[in-house]
Amino acid sequence: MALSAKSVHSSNPENTQLQPHNKIDIHGVLRSSCSNCTECPQFVSIPGHVLCAYCGCPPARHGKADPGGVKGEGSSEGVPPLVPADRKRGRDRDMSADSVGRVGRVLTDSEWDSEQDSEGGSDSEETSSGVSSFASNRGARRQRRRWRPSWQVTAPPPRVSRLLEVEPVGREVQLEHSWNELDTSPNIYVKPEDPLTFHRNPVYQTSDAIRGKCGSEGDGYSCGLHVWAVHWPSASRGTHPVVGVATRDCHLTEPGYKRLVGSTGTSWGWCLKTMKVYHDSRKFRHGVPYPRDIDEKLKVPDTFYMILDMDRGTLAFQANNDFLGVAFSGLRGEELFPIVSAVWGHCEVSLTYVGCHQFERERSLA
């Protein structure tokens, strides 16, 4: 099944996943990354278009993954499968049950190991940009791998732990603290059937972002501890997947592929690809590694927590039970909103509000 307008509005993740025949140009040649723009990790073809749907460059600018081609001369049949039919590449994912924010609890260590095994861990053929690699160790035995060794896992602060242990907020409250369909790039829309999830249309050479809501008031978060569960499948992150917070002045769309969140002084973002945090790229162009003690081979899981503590002015992240530490500080006095910027076409990101905690003493003085 090729990428089409039907797949844009589909809620089935199998419809929006890049298929093997979507990597083949009109001449039947299997293409790979682009050598012209150097930002495109994989040639993407859609019916009726010759140029790459990701970067807009011609197929000849993309390297050949299979110099001999994968389609026979004059063949009227469809593209033969690149993987034998009897080989099953993992089980189908249930998107509704994959988000810890939706199920309302934290996975145990044993459940987390099982989930990582089913996904193939970092030994899977899927890279962080969702591009299949023809690795030489395809037939190698997959090893059981956790997010990182248990001795590196850091317990979250007590205030965060108590918030994650209580019952999650109701659906109505979650909608008040999720994506804002009126505060988004023209290339992004909030899915009508799932208002906690946005979908980015496949528009090449643009970077797009969307801000979240701040309850019924909408003035931005300026106090309290707030936690969200962010679900962003690694197969649809692309080259510049950034999640963080921003003021209302942060731009929501710009030409070219860039880390939109964190590029100015009005936004603070964590890039899931480079594993670095960014803020005001004019001063800090190369970013700062985050977390500092992580193995470069490990990838951020599909679902993780974003923790905004405006009482202390900090932004942090947590993967399962592992608190990754403070990514940004000095945020007190700002009015911030959750934000995500993306460049990958058809990517979908869910933002589920877990809950908040307010200090009673400060609330009484307000």
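Residues numbered from 1 in each chain as written. Predicted model: local features only at pLDDT ≥ 70, side-chain atom pairs only at ≥ 80, totals over all residues. Heavy atoms only, no water.

A. Structural context of the overall build of the chain. What the chain contains, in helices and strands, is 8 helices and 17 strands. Within the chain, the proportion of its 366 residues that are buried is 49%. A fraction of 67% describes how many contacts in the chain between residues 6 or more apart in sequence connect residues 24 or more apart. (Helix = DSSP H or I, 4+ residues; strand = E, 2+ residues; numbered from the N terminus. Buried < 20%, exposed > 50% of the residue type's maximum accessible area, 1.4 Å probe, protein only. Contact = heavy atoms within 4.5 Å.)

B. Representation of a nonpolar patch on the surface within the structure. On the surface, a nonpolar cluster with roughly 360 Å² of combined accessible area is contributed by I26, V50, L51 and Y204. By secondary structure assignment, the location of Y204 is in the loop between β5 (197-200) and β6 (206-212). Judged by its relative accessible area of 40%, Y204 falls in the partly exposed class. (Patch = residues over 30% accessible without salt bridge, like charges linked within 9 Å, V, L, I, M, F, W, Y side chains within 5 Å. Areas by Shrake-Rupley, 256 points an atom, 1.4 Å probe, with all protein chains shown as cover. Salt bridge = Lys/Arg side-chain N within 4 Å of Asp/Glu carboxyl O.)

C. Fine view of the pairing of strand β17 (residues 348-357). Of all the 10 residues making up β17, 8 are buried; the element is thus mostly covered by neighbouring parts of the structure. Judged from the 3 bridges that link them, β5 and β17 form a sheet pairing that is antiparallel. Note that in β17 the partner of F198 across the bridge is V349. (Pairing = 2+ DSSP bridges.)

D. Structural view of the pairing of strand β10 (residues 267-271). Of all 5 residues in β10, 5 are buried, a share of seventy percent or more. Note: strand β8 (residues 242-246) against β10, 5 bridges, orientation antiparallel. Bridge pairing in β10 places G244 opposite G269. In this sheet, strand β11 (residues 276-278) lies alongside β10 in antiparallel orientation, the contact comprising 3 bridges. Paired with W270 across the strands is V277, a residue of β11. Where β10 hands over to β11, the hairpin turn is made up of 4 residues, of which M275 adopts a positive phi near 55 degrees.

E. Main features of the side chain of S350. Position of S350 among the secondary structure elements: in strand β17. With relative accessibility at 3%, the residue S350 sits in the buried group. Here the side chain of S350 touches T197 through a polar contact of 2.5 Å, side chain to side chain. (Polar contact = N/O pair within 3.5 Å; in protein donor to acceptor, adjacent residues only side chain to side chain.)

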